[in-house]
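Now for the letters of each chain:
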There are 2 protein chains.
Amino acid sequence: MLIVQKFGGTSVGDIERIRNVARRVAGYKDKGHDLVVVVSAMAGETDRLLSLAQALTPDPDPRELDVLVSTGEQVSVALLAMALKAMGYPAKSYLGHQVQIHTDSLFGRARIVGIDTQRLQADLARGEVVIVAGFQGVTEAGDITTLGRGGSDTTAVALAAALKADLCEIFTDVEGVFTADPHIVSNARKIPRVSYEEMLELASLGAKVLEIRSVGFAMRYGVPLHVRSSFSEEPGTMVVEEDEEMEKVLVSGVTYNRNEARITLYRVPDRPGIAAKLFGALSESGIVVDMILQNVKRDGAYTDLTFTVPRTDYSRAMEIVRQVAEEIGAEGVSGETEIAKVSIVGVGMRTQPGVASKMFETLARYGINIMMISTSEIKISCVIEEKFTELAVRALHDAFGLGEDSHPREEGL
Amino acid sequence: MLIVQKFGGTSVGDIERIRNVARRVAGYKDKGHDLVVVVSAMAGETDRLLSLAQALTPDPDPRELDVLVSTGEQVSVALLAMALKAMGYPAKSYLGHQVQIHTDSLFGRARIVGIDTQRLQADLARGEVVIVAGFQGVTEAGDITTLGRGGSDTTAVALAAALKADLCEIFTDVEGVFTADPHIVSNARKIPRVSYEEMLELASLGAKVLEIRSVGFAMRYGVPLHVRSSFSEEPGTMVVEEDEEMEKVLVSGVTYNRNEARITLYRVPDRPGIAAKLFGALSESGIVVDMILQNVKRDGAYTDLTFTVPRTDYSRAMEIVRQVAEEIGAEGVSGETEIAKVSIVGVGMRTQPGVASKMFETLARYGINIMMISTSEIKISCVIEEKFTELAVRALHDAFGLGEDSHPREEGL
């Protein structure tokens, strides 16, 4: 099998852990697999580099910042290749510009536009373990780019797609994808198999196991993902194409996100173009709006407009909104940061009714007020007061039977 | 003027010093100069990286070691470019493979075989300060190489040669080239001008101011060098073509080297091929022999053979020599590590006689026994007992009037 493996920063956090990764990779090699290994910077290294830049200037040049932080992964690939060679395994490190991993030139959040595989394939044919620096690429002009936080997952999946690998294993510091955050829900279970779509929703709703872009890539190219712990031999979670077994499960997981803030404009004149004006102004400032709710009043001429933004953008967003509110003649603006978004995700929702009402009933039973609701085919999100987050997650996890051992998803495997 | 400047590891040792370098570079830019700035890794960084590799394996793969240590310069160029841009000066960093600085593939001690200047020249034409990572290059296959310790000097001089720069300034943590080590000789003077050849001898004999390869490069391509302190505005030492003024000076400097050891073979049969056998065996083991002395005995059939090797190679060399001694039927082998080589250097020696005898007389006057002598056109070296090093250096510095204010070299400027 050709396997692409990715080890995160914690997995290569010190010399002893790098040696462990080398041993693990060697074990796969002994079984006859062809291996491409993607590594992140050693835990803490990227932050150390960023703080050097910050000490110099609050607003470092993006091109140079990528030259700086890409050294983190460069150190990791060199050390891992050394470790493998010292153990007698042929290995060779590659940087983004050596592969080459072509990207656009959006420094700090570049997108992969293509990958050359000739050199890697030649090395693989010779039996070498190919070790690739995650998180980095190169522009057409030869400039170094980085893919943004979590970009090493994307590197791994993109390489797996380009090389038509049989499997992409993401080794991380958690055991896999769980039905809920195990720090909050003591009987949360590891999900053995989950569909790409569910994983996309879980990732975008707050589960930190996989970078969302990498899931999208995997889905588009049909790369089977295996998310698992680098500190244990236990299987983790397979992220694969949806199948019938999955549809039998109403809800796969409960997730939450405390990083949003809510803004409301009161009595906005209900005219065409008002929403475009407001959200256009926010988007121009690079603020991404998540949920939007518009309540048309009985009298028809006015409406209340509520939406959420990332909490880190809250003050900037409020400034912009106040200005726009004045221009369009809204009555007032209010904002709130102490909110949380609680979501349930599952492909089973598509075919089985009653999931939404069960969610609302459950929250109501615990006296939790729902401030906003947003749904998609396979997820339902509710904005609630932040202080109820843990309570809501536990209640929903129980209500949908996710903690029970008799849960059908687990039986199916 | 097009100036190539090189700042060593101490000069960019922390964020504040990087800011100082940026200010200094900006000052040159304000005066209308075109600038290419070569930087080393922040002081201590290369050693930190090497110790990571050492913690992993005592014998790290050379290719991967270069991938690892080259990150040191990468961090420096990114930070310096950020600092300049934050001050409003257009600047752009380049790594070895971006320039490109082509080298052979001797990892860890690669030689520059060519430099592409198109991209740099285009940037310079646009008014950008071009910042280049020292010490690194790229092979034809795209592998990262390093030039060995002190390689950033070579990068700077090679860039100056390739770009036909008007001047190459080497900023370092000393004020320039001195008539002797100021730690030993309190009235040592900074030499305002020295010839390439003298500098080559001084560098190879122990003066640590400039990397010897870079001096050779500068001589071959006629690049004027200015060695000066990065912590002061004072002019340092110009290293240039020899001129008449220089010939008036008998001796430019006194230097010493305590890193050698002496080995003697007694009563070696005086047959052709014996020396070839011995020095061939040493050279095959990568041991570089410096001075060689052969005393043919009166009886003609035997000879004593004495030579020096780097002290770090002493035990290995002794092993080899003992073996060869047995094979060729030498009577015995003795070795000594507590020796020092004291040298005087000056282009004036070529035309003015009596320098050697003055050196020997001086050492004799202080009761210092000379164990070996080696001369070239512009230098004389004596091997003495190590404990006399400081005494010998001071005595010679005095004897040749190097500490006097009336020294002709200084008057000539």
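Values in this document were obtained by computation on a predicted structure and should not be read as measured data.

Draft legend 1. Local environment of the overall build of chain A. In terms of helices and strands, chain A carries 14 helices and 20 strands. Seen through its C-alpha atoms, chain A measures out along the principal axes to roughly 75 × 55 × 30 Å. Looking at the 413 residues of chain A, the share that counts as buried comes to 57%. The long-range share in chain A, meaning contacts at least 24 apart out of those at least 6 apart in sequence, stands at 74%.

Draft legend 2. Representation of the interface of chain B and chain A within the structure. Opposite the 42 residues of chain B that make contact, chain A presents 42 residues. Sorting the residues of chain B by area buried against chain A places L56, E64 and M82 of chain B first, and these three jointly supply 20% of that buried surface. In this assembly, chain B and chain A are joined by 6 salt bridges. With its nearest N and O atoms 3.9 Å apart, the salt bridge here joins E45 of chain B to R48 of chain A. Looking at the side of chain B that touches chain A, the elements with two or more residues in it are helix 1 (15–30), helix 2 (45–56), helix 3 (62–86), strand 3 (91–94) and helix 4 (96–99) of chain B. Among the residues making up the side of chain B that touches chain A, the classes are represented as 24 nonpolar, 8 polar and 10 charged.

Draft legend 3. Region of the structure containing the environment of E233 of chain A. Residues and elements named next belong to chain A. Assignment of secondary structure puts E233 in the loop between strand 11 (225–229) and strand 12 (237–240). Relative accessible area serves as the criterion here: at 64%, E233 is assigned to the exposed category. Linking E233 and L35, residues 198 residues apart in sequence, is a C-alpha distance of 18 Å. Excluding its chain neighbours within four sequence positions, the residues that come into contact with E233 are R24 and R228.

Draft legend 4. Local environment of the pairing of strand 12 (residues 237–240) of chain B. Residues and elements named next belong to chain B. Judged from the 3 bridges that link them, strand 10 (residues 193–195) and strand 12 form a sheet pairing that is parallel. The residue bridging S195 from the neighbouring strand is V240, located in strand 12. Alignment of strand 11 (residues 225–229) against strand 12, held across 3 bridges, turns out to be antiparallel. Bridge pairing in strand 12 links V227 to T237.

Draft legend 5. Molecular detail of the packing of helix 1 of chain B against helix 3 of chain B. Residues and elements named next belong to chain B. Orientation of helix 1 relative to helix 3, taken along the N-to-C sense of each, is 60°, at an axis distance of 9 Å. By the angle class used here, helix 1 and helix 3 are oblique. Considering how the two elements wind past one another, helix 1 and helix 3 form a crossing that is right-handed. For the pair helix 1 and helix 3, contact is made by I15, I18, V21, A22, V25 and A26 and by L79, L80, A83 and L84, respectively. Class assignment for the residues of the contact of helix 1 with helix 3 results in 10 nonpolar, no polar and no charged.

Draft legend 6. Spatial organisation of the pattern of salt bridges. All told, the structure shown has 58 salt bridges over all chains when counted by the stated rule. Where K341 of chain A meets E260 of chain A, a salt bridge forms, and the shortest distance between an N and an O atom there is 3.4 Å. In this pair, K341 of chain A is assigned in strand 18 (residues 339–345) and E260 of chain A in strand 14 (residues 260–269), connecting sequence segments 81 residues apart. Connected via shared salt-bridge partners are E45 and R48 of chain A together with E45 and R48 of chain B.

Draft legend 7. A look at the sheet that holds strand 3 (residues 91–94) of chain A. All names here are of chain A. With mixed pairing, 8 strands are arranged side by side in an open sheet as 3-6-2-1-9-11-12-10. Lying at the two open borders of the sheet, with one neighbouring strand each, are strand 3 and strand 10 (193–195). Sheet twist, expressed as the average angle between the axes of neighbouring strands with direction ignored, equals 20°. Of the pairings in the sheet, the one linking strand 2 (residues 34–39) to strand 6 (residues 129–133) comprises 4 bridges and is parallel in character. What sits directly across from V36, in strand 6, is V130.

Draft legend 8. Molecular detail of the pairing of strand 16 (residues 302–310) of chain A. Residue and element names in this part refer to chain A. Taking burial as the measure, the 9 residues of strand 16 include 7 buried ones, the bulk of the element. Note: strand 14 against strand 16, 8 bridges, orientation antiparallel. Bridge pairing links I263 to F307 in strand 16.

Draft legend 9. Broad picture of the environment of S229 of chain B. Residue and element names in this part refer to chain B. Secondary-structure assignment places S229 in strand 11. Expressed as a C-alpha distance, the spacing of S229 and N257, which sit 28 residues apart in the sequence, is 23 Å. Not counting residues within four places of it along the chain, the set of residues in contact with S229 comprises R24, F171, T172, V174 and E175. Separated by 3.4 Å, the side chain of S229 and the backbone nitrogen of S232 make a polar contact.

Draft legend 10. Focus on the sheet that holds strand 19 (residues 372–376) of chain A. Residue and element names in this part refer to chain A. An order of 13-18-20-19 is seen for the 4 strands of this open sheet, with the pairing classed as antiparallel. Only two strands of the sheet have a single partner each, and these edge strands are strand 13 (253–257) and strand 19. Strand-to-strand twist in this sheet, taken as the mean axis angle between neighbours without regard to direction, amounts to 20°. Sheet analysis places strand 19 next to strand 20 (residues 379–385), joined by 5 bridges and oriented antiparallel. Among the inter-strand pairings, T375 is bridged to a residue of strand 20, identified as I380. Its contacts with the sheet place helix 7 (residues 196–205) against strand 13, strand 18, strand 19 and strand 20, and it is angled at close to 170° to strand 18.

Draft legend 11. Representation of the packing of helix 6 (residues 151–162) of chain A against helix 8 (residues 212–221) of chain A in the model. Residues and elements named next belong to chain A. Taken N-terminus to C-terminus, the directions of helix 6 and helix 8 make an angle of 10°; their axes are 8 Å apart at the nearest point. As the angle between them shows, helix 6 and helix 8 are arranged roughly parallel. Between helix 6 and helix 8 the crossing geometry is left-handed. In contact with D153, T154, V157, A158 and A161 of helix 6, helix 8 contributes R213, S214, F217, A218 and Y221. Residue composition of the contact of helix 6 with helix 8, grouped by class: 6 nonpolar, 2 polar and 2 charged.

Draft legend 12. How the structure looks around the domain arrangement of chain A. Along its sequence, chain A is organised into domain 1 (2–173) and domain 2 (243–404). Between the C-alpha centres of domain 1 of chain A and domain 2 of chain A there is a distance of 36 Å.

Draft legend 13. The arrangement of helix 6 (residues 151–162) of chain B in detail. Residues and elements named next belong to chain B. In this model, helix 6 (12 residues) spans 16 Å end to end at C-alpha, consistent with the 16 Å of a helix rising 1.5 Å per residue. Of all 12 residues making up helix 6, 11 are buried, and the element is well covered by its neighbours. Three or more residues of helix 6 are buried, namely G151, S152, D153, T154, T155, A156, V157, A158, L159, A160 and A161. Residue K164 follows helix 6 closely and has a positive phi angle near 50°.

Draft legend 14. Local environment of the relation of the copies chain B and chain A. Of the two same-sequence chains, chain B is brought onto chain A (RMSD 0.1 Å, axial shift 0.0 Å) by a rotation of 180°. These values place the two chain copies in the arrangement generated by a two-fold rotation axis. For chain B, the residue whose C-alpha comes nearest the rotation axis is T71 of chain B, separated from it by 2.7 Å. Comparing contact sets, 100% of the residues at the interface of chain B also lie at the interface in chain A, consistent with an isologous, same-surface contact.

Draft legend 15. Up close: helix 11 (residues 314–328) of chain B. Residues and elements named next belong to chain B. With 15 residues, helix 11 should reach 21 Å at 1.5 Å per residue; the first-to-last C-alpha distance of 20 Å fits that figure. Of the residues making up helix 11, those classed as buried are Y314, A317, M318, I320, V321, V324, A325 and I328. The elements touched by buried residues of helix 11 are strand 14 (260–269), helix 10 (274–284), strand 16 (302–310) and strand 17 (332–336). Once helix 11 ends, the next one or two residues include G329, with phi positive near 75°.

Rules of the game
- Residues numbered from 1 in each chain as written.
- Chains lettered and ligands numbered in written order.
- Predicted model: local features only at pLDDT ≥ 70, side-chain atom pairs only at ≥ 80, totals over all residues.
- Heavy atoms only, no water.
- Helix = DSSP H or I, 4+ residues; strand = E, 2+ residues; numbered from the N terminus.
- Buried < 20%, exposed > 50% of the residue type's maximum accessible area, 1.4 Å probe, protein only.
- Contact = heavy atoms within 4.5 Å.
- Buried area = accessible area lost by both parts, 1.4 Å probe.
- Salt bridge = Lys/Arg side-chain N within 4 Å of Asp/Glu carboxyl O.
- Nonpolar A, V, L, I, M, F, W, Y, C, P; charged D, E, K, R; others polar.
- Pairing = 2+ DSSP bridges.
- Axes fitted to C-alpha atoms, helices over the stretch in contact; angles between N-to-C directions.
- Parallel < 35°, antiparallel > 145°, perpendicular 65-115°, else oblique.
- Left-handed = near helix turned anticlockwise from the far one by under 90°.
- Polar contact = N/O pair within 3.5 Å; in protein donor to acceptor, adjacent residues only side chain to side chain.
- Domains from an automatic or database assignment.
- Expected span 1.5 Å × (residues − 1).
- Least-squares fit on C-alpha atoms with pLDDT ≥ 70 in both.

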